[in-house]
Structures are given as structure tokens and as C-alpha cells.
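# Descriptive structure summary
Given next are the chains, with one letter for each unit.
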Amino acid sequence: MSDITRDDVAHLARLARLAVSDAELDVFSGQIDAIVDTVSKVGEIPDDVPPTAQVVPQTNVLRPDETEPSLPRDVALAGAPAAEEGRFRVPRILGEEL
Amino acid sequence: MNELIDLDAAELARRIHGREVSSVEVTRAHLERIDAVDGPAESGVHAFLHVDAEGALAAAEAADRAIADGTAASALAGVPIALKDNLTTTDMPTTCASRILEGWRPPYDATVVTRLRAAGLVPLGKTNLDEFAMGSSTENSAFGPSRNPWDLTRIPGGSGGGSSSAVAAGEAPLALGSDTGGSIRQPGAVTGTVGVKPTYGTVSRYGLVAFSSSLDQIGPCARSVLDAALLHEVIGGHDRNDQTSVSAPLPPVVEAALAGARGDLAGVRIGVVTEFSGEGYQPGVLAAFTDAVRALGELGAEVVEVSCPSFAYALPAYYLIAPSEASSNLARFDAMRYGLRVGDDGEHASDEVMSLTREAGFGAEVKRRIMIGTHALSAGSYDALYGKAQKARTLIVRDFTAAFETCDVLISPTTPTTAFPIGERADDPLAMYLADLCTIPSNLAGNAALSVPCGRSADDGLPVGLQVMAPALADDRAYRVAAAYEAAQGATTPRIPELRALEASR
Amino acid sequence: MTATVESAPYTVEEVCEHFDPVMGLEVHVELNTATKMFCGCANRFGAEPNTNVCPVCLGLPGSLPRVNGTAVESAIKIGLALNCQVRERSGFARKNYFYPDMPKNFQISQYEDPIVFDGHLDVPLDDGSTWRVEIERAHMEEDTGKSLHIGGATGRIHGADHSLLDYNRSGVPLIEIVTKPIIGAGVRAPEVARAYVTALRDVLRGLGVSDVRMDQGSMRCDANVSLMPKGTSTFGTRTETKNVNSLRSVERAVRYEMGRHAGVLLSGGSIRQETRHFDEQSGTTSPGRPKETFADYRFFPEPDLPPLEPSRDWVETLRAGLPERPWERRARIQTEWGLSDEELRDLVNADALDLVADTVDAGAPPESARSWWVSYLTQQANAAGVTLPELAITPAQVARVVALVAEGTLTNKLARQVVDGVLAGEGEPDDVVAGRGLAVVSDESALTAAVDEALAAQPDIAEKIRAGKTKAAGAIVGAVMKATRGQADAARVQELVLERCR
Ligand SMILES: [Mg+2]
Ligand SMILES: [Zn+2]
């Protein structure tokens, strides 16, 4: 069995910025534990198998350093929940990066 | 019922370009069909989240003018199409069937949308999906499930159940879907339509709201193999806006579909993947598949059995890789720049507003996968989970490589069962995940795969899909085999169900 | 529990009686490419907010990154200049954390396979010796947007009501250059830190890949400091001081942290691993928000970008194009121009070395080029309150002025007027000469006429000269110079006066 506890799920929810309710925690912890248990089958694979992160055949795909049109500012801000002085307005920010 | 909605895209295009019928008439017929069967959300097919009748008719008029002037942009100019609602469109909202993006109007078109417009196709609207394409039934849509036109109490597959049910119900002759673990092919199978996942990198992902970037691929949904090929050629090919886009020329899929339809598969070696049968497979599905194997042999193909033992790791690997990438891709939905914002009351700080918004804006399956992905990538479990899933991917690629050394294509049922009843697996994610058992390997390996209708299951009368898998950049092989099989099948099943009950209720 | 000693930090000498300092320096450099790292938006400092943004750098759903080839070349060049190896296969990775100024809530960076690694920089110290700083790695990543904190005190993050976000800087290419632990510098650790960042700045400026303006944030330094008790080799707990915005601050921040650590440790406390902020005013550091949890960035390979495999040919072409290292170039220039140590230092301190060198490259003799920049142009810069490089005249223009003097078109005095004209925006030196009519009057008949006119106007003086009092010629020369508005060659005028009075 995997051993995903309710506390683990609460921690994951915090990391993922999900304000999950206590009721959800109960449901999710059972489901996630069962899912992680199932997918842990990959653990059988020997360590010496090389990883595949993507299946793209090409390398060194580079863009020329030439400017392209940006969005007009009103378009950039059009979808914003709030905007002020040409900027995105957001609730106060606590401290630096986590 | 207007007969126009029962025609293939190729036939519609022929009549439109021959001035037998106008694009406006064809478009109007489909808009009327949508009006007749799509709503209400609680009981109709509910394939569409947004219908742009005005925009569609304007595009149809433009196509008619171009055809009259002899300047039609492509063979499919004037043919209507439905777009999965995870493709960005400047003239319609893009919601991904999520509350968190409800009403969002992107400032740019996806590359495939740009290409459709340039080719003169007529976008009808945006189709329903499992939220952010996470699911196999369309039940995870925040705006209610779509329904299978063959039986409105059943799922139309997922995540692209809106596109598949729109095509199956005659609401659109063509649609675009996205396939991360089977989201085009599995809905195609359960709705009796054709669904194609092209080789990874051959259709630009620019403007496809990412679920799992290394697996996502846009592809065609249609009612015939040729229609799918025609659409494939419109949307495919290199795009500088997607650096995973391959520069190799697109395989000649239309030519292959036409060649296949002539019905000769002599010299083609077809491998039956032995792992895809047995427990969990519905008898009626296996019987239909066995009939298909026999039919392919009668067409001259040499059919052999091949084993791909590492495919057993495909489902676990998929449910690690896709959630991992998704946990990162979906982090941007944070209430700061677009979309929903919850809790901005002057008291809550930004990170609290992020958490409250994401809690309110995402559905259960999305949250589950974000947390699984967050877990799989965490320092403590990366090696055992995400890292091992990458290794599984290597093994699956090797199995395909070995199989394609002896076979031109591989075949399997597209999905282990026919359409299951809405609600049946809703609370059991693991049961739901099994629907993609046969389709996932091709996403992990990046090769081409499609689903073509394969008769109906004797046990419930519902459509079954035949999956044809081909090597990367050899999509044409899958088209050839599928077209030959389709032609041999003939019109054994009515492709458009009557939706009698629904229409009778009007 | 942790004791905090914030008063009377130890001097570095006192610290080093008990401890050996260990430093790790992380420098972020914004590249001066035309466009951003992953999109075609202009990479430009100081534009109107949110005018250089697009779906990619705003992290809009569906957008995909596209790697800037010039940024990759710059990264390789930086690595080569720092004696690094170039990795045969590298790639991008996602660093996941939530922050409002980062639109995707992940940063595209590099993780286990930075494009260049394992190098060193031999750093000149004040006493003429060098200190080898080992380089761990340099990797590519993208910058974040900028937030403006509204309400509360003076735009500070604490106590603000809300924030306003500008994403013009979002996606600007960054190279992060990380040293290996710098051990054994002892009391010279603060100096080594400053000297390293100075040398790095000079190398990067020489490469032309960045504006390296610490004041504008195009070069930023984070200083990791820890202490290990003398005679041991186990690193102590480190702190990371951010927000160090000048070369002098690098030195001060390291010195302060060394003293603070020693104070805490010697009073029996322990150092908390944390991020600290340097305050320019007080020269002290203060702790950032404590991290509630250990930062788990959940790095994984960026699936939207294929790997990089720089070919040997590509790398060698870039290596062949590398400029001299600044201090090597300085030594060469000193010899070639015959400068004293003091003259060289003055040039460097005035930020004039490159300007003079470029002026020499444009054809001026070193002595004239140097003289223009260190005297007249320095005066003009001081008067205008700008730095020498900011002065609105190019080395090529200065070289042209020098040439005009050499060929006799301008006197030194006229040349200064031409320079004034260039600085005033009147165009190229030749335009100013024409526009202001400043060329030396070299037309003999015109000069002769002017001399005759002056002699006629002052017959008594003309008489004295004819009588052999040649000193009186000065008054006539002066009159001619005045009449020609200084554009005549005074020596030639003198000759003409004497000739006409013979
Ligand atoms: Mg960094
Ligand atoms: Zn941009």
C-alpha cells in the first residue's frame, strides 16, 4: 500500500494552493491513496532503464532574436479581474517567494 | 430532419463547391439540428457550450462568396466544424468546461483555428469536455455532461464527448478534439465516429490549453476516415509557435484514405496486441473486434499476434505523468490576470485568494489530479513515481519499436467497453481510468493512432471502436487500413442515430 | 532557542580569529537581447507598464514558449569567458512555485543540466594579486514581472493594501551564475566578493551581452555566507542575502553577515537558514518572511521545449569570437599607449577606458583621445550631471574632431565649440563645423585682406611695426582673429602681418 495520509493530502493541497474543505480531505485522501497505490506499479521497473521525458525528435529549436508585436495594453488587461493604472490589480502580497 | 446533416464532410464540400447547395444552407441546417437536439443541458445531447450562429453564418457567406469568385481557400471551404472548448478562439469564449475560466475571451486564436479559418471552414461553436480534458466521460464538465446520441442515458466518452456527440448527432460534420490519453479516440469509439490522434508534434499545440504537454495532441473527429484525413491536412504541419512541432512533412493521409477505400490490404502486416483482451473487456466488444480481425484478413492483410508486455505500465505511468504536468500547467489559474477571482475582499492576501479561487473554480477530478501530480513531483517521491513513470515510457517506446519492426500497424479494441451509463463510474476514479487502457500507450510513445467504427456490440447494441496504431510519422498507414476496413464494412449501421425520444419530446 | 544578536557585530578581523568564512555568490544577469527569452516581445527597460506583453509572457492558457537563439549564444559565450565546459545535451526545466509576479506560477529554468558548468574566474584584487573563484554553473532562466505595492509605507510590501503588476519584465532572459563555495579568503572575503562581482561585470560588459547595471537591476547579486569554526571543514548554516544593488553593497553585506553570524554563534546561538534583505541605508541585513515549509520546487523537464545540443562547431565559433578579458586588455592597452599605472587607473575609474579605446579604434592617436575624454568631456559630463558613457557624443565623433584638428581645419578652441555643438544635438562634427561656420579661414587672400584692413584701421600701430617693433604685431593679430571670429590660424596671421609691413 502507498501511505498517503489525510495530513499528506492537506500538505499537497497547501502546496497546490487549494483551500480544500475537511469533508473533501476525507474523500480525497482515500481516493488519492488508492490511486497512488495503483500507479506505484511503475516501481517494479529497474532503475537502469533510461527516462523518456518527451518524444520530440528534434534538438536546438531556436527562435531568431527579432521583435514581434506585443498585445495592445487594453487587450492584455481585458481579461483581468481588476486593473488599475495600466497594471493588473491584485490583493496584497505577503513577503517574497515561498 | 434535413438530409444535409447526414452527409459526410467530403460530400458536403462536393455539393457546396458544385454550387448545388450553399454553405449558408448547410450551416443553417446544422444550426437547426443543434437547436433541435442539443438542449436543454439537463436532457439534450449537450454537445455545445457555446454556439456562434451569427459568426458561423457570416463565415458561411464569406465561403460562398469565395466559391462563387473561384477563390475557395480549400477543398473543405464552407463546411461547418465544431471546436473543443480547450482551443483558444478570439470570437468565442474558451472555458475548458471549468468555472475558473468561465467567460474568458482569449486575445489570440489557436494555430489550428487560424488554419481552419484560413481554409474557409465554418466554426459553429465550442464543444463540451471533461474539465481541462481530464476524464473519459465528459461528466467532469462544470457545465453538465454531454450525452451519447445512441442512448442519452450514457456517456459520449471523454474528454472530448462534446465533439464526438456533436459529430454523431449530426450537429456538425466535423470537429476538433484533443487527445492526451485517448480523448479523441475513446469518444469516437463509443459514439460510432472516427477519431484520430496524429503523431505527436505534427499538429501544433499553440492555443490548446495544456493538460499534459508531452502527451497532448490535437486531431480530427469525423464520420468517415476520408473526412478525418481532409481535416487532418488542414490543421497539420509545422508551426513556429510550437517548438515541439516537427519539421518533417505531414504524411499523405488523404491519399492513404483514398487508396485504402479501394479495399486492398495485400502485403500489409497487421499486429493484434495480445495484452488488450481478457478480463475487463466486454464480450460484445471482443466479438466485434474478432469480426474486424477476420475482415482485415479478408482484405488481404496478414494478421499476426504481437506482445507488448510493458503496456501493463502504460496506465500507471500515464496517471503519474499527466497529473504531474497538469499540476504545473494549471498553476497559472490563480485569479491574478484572468478568469475567476474569489475572496478579494480587502482582507485576504493574494495567496489566500489564489487558494480560495482554485478551490471554488476547479472540480473534484482536477483537484485530485493536481494533488497527485504535486505529490509525484515532490522531492520525496520524484524518483519512485515521476522518475519511474519516465522509465516506463522508455519501455513502452521500445515495445512499439519492436512491434513495428514486424508489423506495419497494430490493432486493438479502442476501449474495453461500450458507452457506460452516466453516473456509473463518477465516484470511482480508478474504474473511470480503465476506459483509456488501450489508447494511452500511443500518447506515451507519441505514435499515430485512430479509432474507426467497428460495428455494434451484440450485448447492448452500442458502437464499438477499432483502434489502428501506426509508427510516428506514418499516420498514413493507419488511415489506409482504417479506410479499407470502413469500406468493407459498408453501411451496416446507421451512422446518425435518430434521437427519436429527444425529438419526440419537442 | 535561537539567540539573535543584532547589535555590535564583530569586525572581520575578530570573526576570523574564530571562524573561516565560506561564501557562495549567485549573480543574475539580464541579457540585453532585442526580445525576451521565450517570446518576441521587446526586452526594454523602462517602457510603459504592460506594453511589452503577449500571450506567452503573460502565461495565457494555450501559449507556448519559444527559445531565443541569441540568448542561448550569450549563455554559451558567458560560460566560455568563465572557462566553463559546455554541456553536450542540456535542457530546460520547470521550477514550480506560486507568486503573483510569475504568470505561469513556474519559472522556466535549467536544473540538473545547466548549459555551462565547471569554470573559474581569476579575479584581480586591490593589491595586484588574483583570486581564483571557481564557477559551479551558469544557466538560463526567465525574469519575473514587477509589483508595485500600494498603501502602507512607501511602496513596501509590508502593510500594503494591494499590489499592481507590470509584466514587461516577465520573460526577460536571465543568466544565473553560481560560484562554488569560496573558502579560505579569511578577512579578505568581503573584498573577494566585491572583486568577483566587479570582475564578472567587466567580463560581461566586454562580451556585450548585458547592460550589467546593478542600479537598474540588470545585474543582481545574492550573497550566501556561512562560518565554520577555525580548524574544521564542516560548513555552518548559511544565510542568503538578497537585494544587494551595488558593488560596494556586496562587500558591505558580506562583512555585515560575517560579523552578525559570529555574534550569534559566539553568544551560543545558532544561525537560522533564511533569506535576508540588505538595507543600503544602514548597511545591515534583516530576515525575510520565514518559510513555512521547506521549498520544494518540484523541478521536472520542460515538456514544451526540445533539448539543446550545441554542436562543437557552434561552440568553437563562439569561442573564437570571444573578446580579450578586460584586465588582459587593460594591461595590453597600458603598454601600447604608454600609460602610467595612475593614468590607467584614472581612465578606469572615470569609466573612460572603453570610450578612449573606441576613439583610438576610430583613428585617433591615443594621447589625443585620452586627453579629450579625461579633460574637456569629463568637465562637460560633470556639468551636465551625467556619466561619461552617457554623454551624447560617440567615440567616432570624438575621433572625427581629433582628425579635423590634425588636418588643420579646426584649432583646439574651435574643436571645443564643435564638441559643444555635437553635445547640443546639432549633428555630426562636420555638420556642426558647417552649421556654425567654424572652419579655420585658410583662404590666403581673405586673410591678407583682413590683415590689410586691420593695419589700415590702426595706422599708428602699423607704423610701429614697420619701424621694427614687431611686438606690436600682437594687436593686429588680435584684431584679425576677432574679425574672423577666431577661425584663423593665429601663427599664420602673425606671419602675414610682418610680411605686409616689410
Ligand atoms: Mg534562479
Ligand atoms: Zn511576450
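Every value quoted in this text rests on a predicted model; they were computed, and no experiment measured them.

The helix and strand tally for chain B stands at 17 helices and eleven strands. Here chain B has a C-alpha radius of gyration of 21 Å; the compact-globule value for 506 residues is 23 Å, and the two agree. Projecting the C-alpha coordinates of chain B onto the three principal axes gives extents of approximately 70 × 55 × 45 Å. Counting all 506 residues of chain B, 68% fall into the buried class. Put simply, 76% of the contacts in chain B that link residues at least 6 apart link residues at least 24 apart. Put simply, chain B shows about 14500 Å² of open surface, and 51% of that area lies on carbon and sulfur atoms. The positive charge centre, built from 40 side chains, and the negative charge centre, built from 62, are 2 Å apart in chain B.

Before going further, it helps to examine the confidence of the model for chain C. Residues and elements named next belong to chain C. Of all residues in chain C, 96% attain a pLDDT of 70 or more, and the chain-wide mean is 91. Taken as a whole, residues 1–5 scores under 50 in pLDDT and shows nine contacts with residues more than four places along the chain or in a different chain. Taken over the whole predicted complex, pTM reads 0.88, whereas the ipTM for its chain interfaces reads 0.97.

To continue, consider the interface of chain B and chain A. In this assembly, 60 residues from chain B lie in contact with 55 residues from chain A. Between chain B and chain A, the buried area comes to about 4800 Å², and carbon and sulfur atoms account for 67% of it. Ranking the residues of chain B by area buried against chain A places Gln243, Met371 and Lys388 of chain B at the top, with a combined share of 13%. At the junction of chain B and chain A, the tally comes to three salt bridges. Its salt-bridge partner being Glu24 of chain A, residue Lys367 of chain B comes within 2.7 Å of it at the nearest N-O pair. At the junction of chain B with chain A, the criterion picks out 24 residue pairs in polar contact (both at pLDDT 80 or more). Contributing elements (two or more residues each) for the side of chain B that touches chain A: α10 (314–329), α11 (350–361), α12 (364–377), α13 (383–406), α14 (429–433) and α15 (440–445) of chain B. The element best represented in the side of chain B that touches chain A is α13 of chain B, accounting for eleven residues.

Once that is clear, we can look at the interface of chain C and chain A. At the interface, 59 residues of chain C touch 38 residues of chain A. Viewed at the interface, chain A and chain C are joined by one salt bridge. Note that Arg66 of chain C is salt-bridged to Glu68 of chain A, the shortest N-O span being 2.7 Å. The interface formed by chain C and chain A holds 21 residue pairs in polar contact (both at pLDDT 80 or more) in total. Secondary structure elements with two or more residues in the side of chain C that touches chain A: α2 (69–81), β7 (146–150) and β8 (162–166) of chain C. Taken together, the residues of the side of chain C that touches chain A sort by class into 33 nonpolar, 15 polar and eleven charged.

Turning our attention to the pairing of strand β4 (residues 174–179) of chain B. All names here are of chain B. Within β4, six of the six residues are buried, leaving the element largely enclosed by the surrounding structure. Alternating residues of β4 divide into Leu174, Leu176 and Ser178 and Ala175, Gly177 and Asp179, and every residue in both groups is buried. As paired elements, strand β2 (residues 80–84) and β4 share two bridges and run parallel to each other. Bridging from a neighbouring strand, Ala82 pairs with Ala175 of β4. Of the pairings in the sheet, the one linking β4 to strand β6 (residues 217–222) comprises six bridges and is antiparallel in character. Bridged to Leu176 within β6 is Pro220.

Feature annotation in UniProt places "domain: Amidase" (unreviewed entry) on residues 25–476 of chain B, given in this structure's numbering. Helix makes up 37% of residues 25–476 of chain B and strand 14%, whereas the separation of the span's terminal C-alpha atoms amounts to 33 Å.

Let us now look at the sheet that holds β8 of chain C. In spatial order, the strands read β1(A)-β2(A)-β8(C)-β7(C); together these four strands make up an open sheet with antiparallel pairing. The sheet terminates laterally at β1 (83–84) of chain A together with β7 of chain C, the two strands that pair on one side only. For strand β2 (residues 87–91) of chain A and β8 of chain C, the ladder comprises four bridges, and the chain directions are antiparallel. Considered in β8 of chain C, the bridge of Arg89 of chain A is made with Leu164 of chain C.

Quick look at the coordination of the magnesium ion (ligand 1) now. Residue and element names in this part refer to chain C. Only Glu141 (OE), Glu141 (OE) and Glu176 (OE) from the protein coordinate the magnesium ion (ligand 1), and they sit 2.0 to 2.7 Å from it. With Glu141 in strand β6 (residues 130–142) and Glu176 in strand β9 (residues 173–179), this residue pair connects regions lying 35 residues apart in the sequence. The pair formed by Glu141 and Glu176 is uniform in burial state, with each residue classed as buried.

Below, the discussion takes up the coordination of the zinc ion (ligand 2). Residue and element names in this part refer to chain C. In this structure, Cys39 (SG), Cys41 (SG), Cys54 (SG) and Cys57 (SG) serve as the protein donors to the zinc ion (ligand 2), at separations of 2.3 to 2.4 Å. One can describe the donor arrangement at the zinc ion (ligand 2) as tetrahedral, given that its four donor atoms subtend angles of 99 to 116° at the metal. For the zinc ion (ligand 2), the single-chain donor residues occur in sequence as C-x1-C-x12-C-x2-C. Highlighted residues: Cys41 in the loop between β1 (19–30) and α2 and Cys54 in the loop between β1 and α2, separated in sequence by 13 residues. Residue Cys54 is classed as buried on the basis of its relative accessible area, which comes to 9%.

A few words on the sheet that holds strand β4 (residues 106–109) of chain C. All names here are of chain C. Spatial strand order, β4-β3-β15: three strands in an open sheet with antiparallel pairing. Two strands close off the open sheet at either side, each with one partner strand: β4 and β15 (300–301). In terms of strand pairing, strand β3 (residues 93–96) meets β4 through four bridges, oriented antiparallel. Along β4, the bridge assignment pairs Lys95 with Gln107.

This part takes up the environment of Arg185 of chain B. All names here are of chain B. Tracing the chain through its elements places Arg185 in helix α6 (residues 185–191). Note: C-alpha distance between Arg185 and Asp35 (150 residues apart in sequence) is 26 Å. Apart from the residues lying within four places of it in its own chain, the contact partners of Arg185 are Asp179, Gly195, Lys197, Thr414, Thr439, Ser442, Asn443, Ala449, Leu450, Ser451 and Gln467. For Arg185, the side chain forms a polar contact with the side chain of Gln467, separated by 2.7 Å.

Further remarks concern the pattern of salt bridges. This structure, assessed with the given rule, holds 65 salt bridges over all chains. Across the pair Asp47 of chain A and Lys388 of chain B runs a salt bridge whose closest N-O atoms are separated by 3.1 Å. Taken together, the residues span two chains, with Asp47 of chain A in the loop between α2 (22–39) and α3 (73–78) and Lys388 of chain B in helix α13. When its relative accessible area of 8% is taken as the criterion, Lys388 of chain B is described as buried. Of the charged contacts, one joins Lys180 of chain C and Asp118 of chain C as a salt bridge, the two residues approaching to 3.0 Å between their closest N and O atoms. With Lys180 of chain C in the loop between β9 and β10 (182–183) and Asp118 of chain C in strand β5 (residues 116–124), the pair connects residues that are 62 residues apart, well separated along the chain. By relative accessible area, Asp118 of chain C is classed as partly exposed at 35%. Connected via shared salt-bridge partners are Glu3, Glu11, Arg14, Arg15 and Glu20 of chain B.

Residue and element names in this part refer to chain C. Contact geometry of helix α8 (residues 353–361) with helix α9 (residues 366–384) gives a least axis separation of 9 Å together with a crossing angle of 140°. The pairing of α8 with α9 is recorded here as oblique in orientation. The interaxial crossing formed by α8 with α9 has right-handed handedness. On the side of α8, the interface is formed by Leu355, Val356, Thr359 and Val360, while α9 contributes Pro366, Ala369, Arg370 and Trp373. Grouping the constituent residues of the contact of α8 with α9 by class yields six nonpolar, one polar and one charged.

It is worth spelling out the pairing of β6 of chain B at this point. Residue and element names in this part refer to chain B. Counting buried positions along β6 yields six of six residues, so the element is predominantly enclosed. Two strands pair when backbone bridges link them, and strand β5 (residues 194–197) and β6 are joined in this way by two bridges, in the antiparallel orientation. In the sheet register, Val194 faces β6, and the bridge partner there is Ala222.

As a further point, take the packing of aromatic side chains. In this structure the tally under the stated criterion is 19 aromatic pairs over all chains. Ring plane angle 80° and centroid distance 5.5 Å describe the contact between Phe38 of chain C and Phe92 of chain C, whose orientation is recorded as edge-to-face. Highlighted residues: Phe38 of chain C in the loop between β1 and α2 and Phe92 of chain C in the loop between β2 (85–86) and β3, separated in sequence by 54 residues. Accessibility expressed as a relative area gives 3% for Phe38 of chain C, which makes it buried. Of the residues examined, Phe92 of chain C reaches a relative accessible area of 5% and is grouped as buried. Joined through ring pairs, the aromatic side chains of Trp104, Phe132, Phe333, Tyr338 and Phe362 of chain B make up one cluster. Geometry around Tyr297 of chain C places Lys95 of chain C over its ring, the cationic atom sitting 4.4 Å from the centre.

In this structure, Phe132 of chain B together with Ile177, Tyr196 and Leu204 of chain C are the most contacted members of the largest nonpolar core, which totals 177 residues. For this core, the leading source of residues is helix α3 (residues 189–207) of chain C, giving eleven residues. Apart from residues lying up to four places away in sequence, Leu204 of chain C is in contact with Val29, Ile78, Ile177, Val209, Ser210, Val212 and Met219 of chain C. Formed by 71 residues, the second largest nonpolar core is a distinct cluster that contains Ile67, Val194, Ile218 and Ala228 of chain B.

Cut-offs used in this document
Residues numbered from 1 in each chain as written. Chains lettered and ligands numbered in written order. Predicted model: local features only at pLDDT ≥ 70, side-chain atom pairs only at ≥ 80, totals over all residues. Heavy atoms only, no water. Helix = DSSP H or I, 4+ residues; strand = E, 2+ residues; numbered from the N terminus. Rg over C-alpha atoms; globule rule 2.2 N^0.38 Å. Buried < 20%, exposed > 50% of the residue type's maximum accessible area, 1.4 Å probe, protein only. Contact = heavy atoms within 4.5 Å. Areas by Shrake-Rupley, 256 points an atom, 1.4 Å probe, with all protein chains shown as cover. Lys, Arg positive; Asp, Glu negative; His and termini not counted. Charge placed at Lys NZ, Arg CZ, Asp CG, Glu CD. pLDDT = per-residue confidence, 0-100. Buried area = accessible area lost by both parts, 1.4 Å probe. Salt bridge = Lys/Arg side-chain N within 4 Å of Asp/Glu carboxyl O. Polar contact = N/O pair within 3.5 Å; in protein donor to acceptor, adjacent residues only side chain to side chain. Nonpolar A, V, L, I, M, F, W, Y, C, P; charged D, E, K, R; others polar. Pairing = 2+ DSSP bridges. UniProt positions renumbered as here; feature names shortened; annotations may be inferred. Donors = N, O, S within 2.8 Å, 3.2 Å for Na, K, Ca; no water. Tetrahedral: all angles 85-135°; square planar, octahedral: opposite > 155°, others 65-115°. Axes fitted to C-alpha atoms, helices over the stretch in contact; angles between N-to-C directions. Parallel < 35°, antiparallel > 145°, perpendicular 65-115°, else oblique. Left-handed = near helix turned anticlockwise from the far one by under 90°. Phe/Tyr/Trp six-rings, centres within 6.5 Å; stacked < 30°, edge-to-face > 60°. Lys NZ or Arg CZ within 6 Å of the ring centre and 35° of its normal. Core = buried A, V, L, I, M, F, W, Y, C linked by side-chain atoms within 4.5 Å.

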